[in-house]
Amino acid sequence: MPCVPLSLPVLLVATFLAAAPSSSEASSDAPAQGLASAIDNYEDALIDEALARHGRVLEPAPEGKILEEVLVATEDVVAAIDPFPDFLNIFHARTRDDVVRREVLLQVGAPYSEVLAQETARNLRGLRLFSMVRLVAVKGRTPDSVALMAVTKDIWSLRLNSDFAAVGSLLQYLKLQGTEQNFLGRGKRIAVDFVLRQDTLSLGQSYTDPRVLGSRWSLSESIAVIQGRETGKTEGSRGNFAVSRPLYSLSTPWSASASVSWNVETSRVYRGASIWQLPFPGGPAVPYIYRTEEVVGGLSYTRSMGTRYKWNVGGTVGAYHYAYGAPLASGLSPEQSEWFNRNYLPRAEDAGYVGLSLRAFDARYEVLRDVDSYVLAEDFQMGHWVAATLRYAPPVFGEQSHFVEGGLALRYRLRLGDTLTTASLSGAVRRPLGPGGAWTNRRWAAELIEVSPKVLGGRFVARGLLDVNIDDLFDRIHLLGGANGLRGAGADAYSGRRLLLFNLEYRSRPIVVKTVHLGGVLFWDAGSAFNDQPAMVHTVGMGLRLLFPQFNVLPFRVDFGYVLNDARPPVGSRFSFAGGQMTDVRPNFMETPL
């Protein structure tokens, strides 16, 4: 689920909304004009402000002219066009100019390239330091020269990030992260994490440096301690450490990484507010509780080739330890334990492996607005995208870990006018090597997302998703209901190894109140989590989307649904709250089948 940052200043901002002066009450005409322009196009208003501040004029035909300099126009979180109190800027360290300049792929003294300018803008947006990034060419000192102006607007960095899912009064998941994601304006990220689940809470810390000592190497680490909510005792920990040199541009020839991660905890699977009670034949139900021990590590190297059509070929060496078992506290009989292990417990496995990977894609991108967010630029890779992985695990940990497996993910995205179509297909399979080997872990998934042209200022968005597991050694189960795809149904009301889901929404044009964007949604959902034949449950409803472009990139959503053809939960449980759009809720398997 996407993370929606809800910073503490946002809570203050809500208080100031009523008191903030309207455009007619502004002390001068310039802020009033800026605010009116921001309502029509927030990013263009910021560009106009930057041009006026630097005394520059746009260059209509920059391609091929000599780049004489790079200008950086970084705006504070609260700009002149924003109606919020600017004293909030005191608590934010504005991004340093050199942090922006080091991402610029164009070289001073070389010909200007719009393609490299747009790639730089995408990279800057990917740093998650800015709510807005636009690179524009401005006139140089001579007719044959041009300057590049990087216009950015900081997003609030000292914040309380949140990610959560709730259905009615049931809070299924809450992550609060006290973060300084732009430490001293240098792009470093430090955080203290608090994660609340229905059974546990965890406290931890994390640090990310995307440019170690100004180099292209990045470093990240995190550690968290997990406690049971009922007992208050420590149940485990999780963490990771990774060092990598990513493919920071389309022309970067190679990348490398090394990582290790672990997760040790007691896992409890819930259906709604209660632990899932599994129907043991001929005896009392078995609680879906098991002990988890997972350790994963690996090294990888990737070689990147091509320009317009990219081919990234990589090799990996890795190992993992997966161990699961019913805890002694469950008090299961030998018969119950054997039944539970055979039917529901994830597969324990130790393996070392070598792998080959391929990423091939069309390096063509489009910038759209009002698709998943409002007013802010959204980057979409167009054309084909292919990810293939092949792994071989030799019997270093015994014959059980001797296997070969492969995964393939395909995506094609097409834009016709203002219509955006995305079709995705992924699949994976495994075969143990040796006597009696048979194909297992057969899984495939397909998804189609259609975004319509604007209708009455809004868009229709339709999504169909099918996810099928066959002979899954890890016994993965889909839970459906509430914020995860079937709004209006009870939280996790339906379960099965296969999933069929349809979502149809009309996302309205937002109402802009002093740059705060408020949109509405009408929706129809239909879904089934099943083992043999789908039994479709239909729901309809409406929702709200809220975006503060000064503080958030993705909107916050509130939905209310009504079940048409099955049991209806209490009215309060028909509300769902989460971050991002419903189409963002999708299996990771669509991009990483292995």
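Reading guide: rules and limits
- Residues numbered from 1 in each chain as written.
- Predicted model: local features only at pLDDT ≥ 70, side-chain atom pairs only at ≥ 80, totals over all residues.
- Heavy atoms only, no water.
- Helix = DSSP H or I, 4+ residues; strand = E, 2+ residues; numbered from the N terminus.
- Buried < 20%, exposed > 50% of the residue type's maximum accessible area, 1.4 Å probe, protein only.
- Phe/Tyr/Trp six-rings, centres within 6.5 Å; stacked < 30°, edge-to-face > 60°.
- Lys NZ or Arg CZ within 6 Å of the ring centre and 35° of its normal.
- Pairing = 2+ DSSP bridges.
- Axes fitted to C-alpha atoms, helices over the stretch in contact; angles between N-to-C directions.
- Contact = heavy atoms within 4.5 Å.
- 1 Å grid on protein atoms, 1.4 Å probe; cavity = no way out; pocket = protein on both sides within 12 Å on 5 of 7 lines; lining within 4 Å.
- Points joined across faces, edges and corners; volume = space filled by probe spheres on them.
- Nonpolar A, V, L, I, M, F, W, Y, C, P; charged D, E, K, R; others polar.
- Arc of directions from axis to C-beta.
- Core = buried A, V, L, I, M, F, W, Y, C linked by side-chain atoms within 4.5 Å.

J.: Account for the side chain of Asn-441, with residues named and values stated.
T.: Looking at where Asn-441 falls in the secondary structure, it is placed in strand 24 (residues 440–451). For Asn-441, a relative accessible area of 7% gives the class buried.

J.: Give a detailed account of the environment of Phe-474, specifying residues and quantitative values.
T.: One can find Phe-474 in the loop between strand 25 (459–470) and strand 26 (478–480). Residue class for Phe-474 comes out buried when judged on its relative accessible area of 15%. In this structure the C-alpha to C-alpha distance between Phe-474 and Tyr-344, which are 130 residues apart in sequence, comes to 8.4 Å.

J.: I'd like to hear about the packing of aromatic side chains, residue by residue, with values.
T.: Following the criterion strictly, the structure yields 14 aromatic pairs and no others. Aromatic side chains Trp-254 and Tyr-301 sit 6.2 Å apart centroid to centroid with 20° between the ring planes, which places their arrangement in the stacked category. Placement of the pair is Trp-254 in strand 11 (residues 254–268) and Tyr-301 in strand 16 (residues 289–305), with a sequence separation of 47 residues. In this structure Trp-254 comes out as partly exposed when scored by relative accessible area, which is 28%. Ring centres of Phe-560 and Phe-575 lie 4.7 Å apart, and the angle between their planes is 50°; on these two criteria the pair is classed as tilted. Taken together, the residues Phe-560 in strand 32 (residues 556–563) and Phe-575 in strand 33 (residues 575–579) connect sequence positions 15 residues apart. Of the residues examined, Phe-560 reaches a relative accessible area of 26% and is grouped as partly exposed. Aromatic rings pair up to connect Trp-276, Phe-280, Tyr-288, Tyr-290, Tyr-324, Trp-339, Phe-340 and Tyr-344 into one cluster. Over the ring of Tyr-248 we find Arg-216, and its NZ or CZ is 4.0 Å from the ring centre. Its end group placed over the ring of Trp-276, Arg-271 keeps NZ or CZ at 4.7 Å from the ring centre.

J.: Summarise the sheet that holds strand 2 (residues 66–75); cite the residues concerned and give the values.
T.: Across the sheet, three strands lie side by side as 2-4-3; this open sheet has mixed pairing. In the strand order of this sheet, the two ends are held by strand 2 and strand 3 (130–139), each with one partner. Each strand axis lies, on average, 15° off the axis of its neighbour in the sheet, ignoring direction. Here strand 2 runs beside strand 4 (residues 145–154); their pairing, made up of nine bridges, is parallel. Its bridge partner lying in strand 4, Ile-66 is registered against Ser-145. Packed on one face of the sheet, helix 5 (residues 114–126) meets strand 3 and strand 4 and runs near 160° to strand 3.

J.: I'd like to hear about the layout of surface pockets, residue by residue, with values.
T.: Space inside the largest pocket adds up to approximately 420 Å³. Together, 18 residues line the largest pocket, and Glu-230, Thr-231, Glu-235, Thr-266 and Arg-268 are the ones closest to its centre. Counting only elements with at least two residues in the lining of the largest pocket, the list comes to strand 10 (234–245), strand 11 and strand 16. Here the lining of the largest pocket is built from residues that sort into five nonpolar, six polar and seven charged.

J.: Provide a residue-level description of helix 6 (residues 334–343), including the pertinent values.
T.: Residues of helix 6 that are buried include every one of Gln-336, Trp-339 and Phe-340, and no others. For helix 6, the angular spread of the buried residues around the axis is 100°, confining them to a single face.

J.: Describe unusual backbone geometry, naming the residues involved and giving the relevant values.
T.: Residue Leu-184 is not a glycine yet carries a positive backbone phi of 55°. Relative to the elements of secondary structure, Leu-184 occurs in the loop between strand 6 (170–183) and strand 7 (188–197). Take Leu-184: its relative accessible area is 49%, and that puts it in the partly exposed class.

J.: Summarise the nonpolar core; cite the residues concerned and give the values.
T.: Counting 19 residues, the largest nonpolar core has Leu-67, Leu-106, Tyr-112, Leu-135 and Leu-148 as its most contacted members. Mapped by element, the contributors of at least two residues to this core are strand 2, helix 4 (97–101), helix 5, strand 3 and strand 4. Counting residues per element, this core draws most heavily on strand 3, at four residues. Not counting the four nearest positions on each side in its chain, Leu-106 is found in contact with Leu-67, Tyr-112, Ser-113, Leu-116, Ala-117, Thr-120 and Leu-148. If you look at the next biggest cluster of nonpolar residues, it comprises 16 residues, including Tyr-42, Leu-71, Ala-147 and Leu-376.

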